[in-house]
Amino acid sequence: MLEMMLGIGKRGLYLPDSGPGNKYLIAGDETLGYFGEVSASLLMDTADIIALTGVQSGAVITPSGLRWFKFIRQGTIIYYAKTQIKGTMLWNDIYLGGAVYGTNNNGAWPSTNTPTNQLKQKVITEDERSWTVKLRLPRGFNAERYNADNPSAAIVGSEWNELMYRVVIGGHANAGEWAKNTLPEVGSNGYWDLCMETPQQSADWAGVRGENDITRAAYAYKYGTNSGIRWRPVLELIIPKVWSKLLNMSTARMHHASVGHGDLVYIAGGLVGLTRLGDLISYNTKTQQYTTLTPMPVGRYQFKMAVIAGKIYAHAGSLSTGLGDSLHCYDIALGTWSVLSPPLVPSGRREGTLVAYNGKLYAAGGYTSGDPAASKELWSYDTVANAWTRLADLPTVVYGGYFCVLKNYLYYCGGREGTSKEVYRFDPSAGAQGNWIRLGDMPVALLDAASCVVNDVLYTFGGITTATINTVYSFDGSVWEQVALVGPPPSARYSSAMALANGALYVSGGNASAGGITSEMWRITV
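Remember, predicted model here, so these are calculated numbers, not experimental data. Position labels on residues start from 1 in each chain and follow its written sequence. The predicted nature of this model means local features are confined to residues of pLDDT at least 70 and side-chain atom pairs, given and counted, to a pLDDT of 80 or more, with totals for whole chains, interfaces and linings taken over all residues. Only hydrogens and water are set aside; all other atoms, that is, all heavy atoms of the structure, feed into the side-chain values.

(A) Main features of the packing of aromatic side chains. Each Phe, Tyr or Trp ring (for Trp, its six-membered ring) is paired with any other whose centre lies within 6.5 Å, and the angle between the two planes then decides the class: stacked below 30 degrees, edge-to-face above 60, tilted in between. Using the criterion set out here, one finds 27 aromatic pairs in the structure. Seen in terms of ring centroids, Tyr330 and Trp337 are 5.2 Å apart; in terms of plane orientation they differ by 50°. Their pairing is tilted. Of the two residues, Tyr330 and Trp337, both sit in the buried class. In textbook terms, an aromatic cluster arises when at least three aromatic residues are bridged by ring pairs, as seen for Tyr34, Phe69, Phe71, Tyr80, Trp160 and Trp178. Both a distance and an angle decide whether a charge sits over a ring: NZ of Lys or CZ of Arg must be within 6 Å of the ring centre and within 35 degrees of the ring normal. We note Arg425 situated over the ring of Tyr409; from NZ or CZ to the ring centre the distance is 4.6 Å. Whether a residue is buried, partly exposed or exposed follows from its accessible area with a 1.4 Å probe, protein chains only, as a fraction of its type maximum: under 20%, in between, or over 50%, in that order.

In structure tokens:
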């Protein structure tokens, strides 16, 4: 996690852990900001990139003196080369050099010729400090498999739009907001930049951006040369992710629920022995102290919670009376629970899911008492109208998996007794008329892992594959990675809960392979 303090005068926010180059933001903030340009002497030059990747094809157009734009986006430090380094390039050659995806695997859409690991990283020394950066291509589109028939929709909110638009002048949104570079100065006067994404229409094509207008989007054949196609490298700063053991909860639990709000982590319910817990506690991430709050109206386990506008919603689960269909609301400011009674409710279920998006709750799947004994339903709940609406069903029944929102899409991943690697995506704006799209599989079938989203990346911890694990995986909507963390990790466990608070992930409870149900609390600094 980046340590931050206020800068002086007009230099803006000071980010000492932001990697090589200027540490003061000159525009924007830590969500979306700009530090200015960085010279090759502080980062990497063209020869360094060629040596790292071994890519010899293409015509060198910036032999030396490469400059970099330094950005921050959702807490991640990103360096875009100001100009391309090579022309007449093949996406496939960059892929074979391991420089497309920046991931420690073969990438979302590996080459049909030779699948190649996509992690190329370099340690850079600045003064007495060392930084690690990884090499990749720009993210020019908002989905790994985008619809090339509707490019205007496919680029909205993309990394390219949010960063490059702001440093190049022209007739586009946010033009020159941070810097006043012309198209020739960034090499986009008639030339396309290769991007990492692949059109839905064909895995043999790669997305490209730029040309005679920084806003243009198209695609190019991955395996053929084109004099108008160039390589603009991107570097991303790797911030070490760290495990830390914290103060235990007073009560051990598994199958509970947890959410974050501000500096607090809220933990509710769960199972210990044969007892369904109904308590609600908070953990203050600054003082590292627990506080007992008003308990839930019922004891429950295998349920989920979500937060909207200062209110925590708890839905369904296993109750002493059977499978619950109730929806309860905790007002954080008032410290009180209320029972919500919409006219239409999803049937009772456990091991379902609940996420918040755009002021609504979304619930998917779960064990039910019907036939079959699991659900493929997707529902949305309008907190203002107090009404559930049934949306498009998933292609199959789901339970015990990971439901999240990434880049304005709903994703359901894994579950089903640890037999499913399936990943599905849904556009919530389509409602009942929408379709779930199956994406590439997870690396392992995974059940009952803890999960949470940080900066549009899903993290999972633990769970059950063929055995109970203590591995952390990340998923950005296209690529899964096993995450390396610093420090001794928790023991293998399943049915923990994970929440985001104060910029870090907090993992509570679970059933540990060594020691049984636990009261432990751990932090992952991301």
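After presenting the structure, the write-up continues.
(B) The pattern of salt bridges, seen in detail. We define a salt bridge as a side-chain nitrogen of Lys or Arg found within 4 Å of a carboxyl oxygen belonging to Asp or Glu. Summed over all chains, the structure comprises 21 salt bridges. Asp279 serves as the salt-bridge partner of Arg253, at 2.8 Å between the closest nitrogen and oxygen. Residue Arg253 is located in the loop between strand 16 (241–245) and strand 17 (257–261), and its partner Asp279 is located in strand 19 (residues 275–284); the two are separated by 26 residues in the primary sequence. Relative accessible area serves as the criterion here: at 1%, Arg253 is assigned to the buried category. Overall, the relative accessible area of 21% leaves Asp279 in the partly exposed class. Across the pair Glu520 and Arg493 runs a salt bridge, and its minimum N-O distance is 2.9 Å. Note that Glu520 is positioned in the loop between strand 42 (516–517) and strand 43 (521–525) and Arg493 in strand 38 (residues 493–494), a separation of 27 residues in sequence. Looking at Glu520, the relative accessible area reads 22%, which means it is partly exposed. One network of salt bridges, with partners in common, ties together Lys134, Arg136, Glu159 and Glu236. Comment: elements are numbered from the N terminus, with helices defined as DSSP H or I runs of at least four residues and strands as E runs of at least two.

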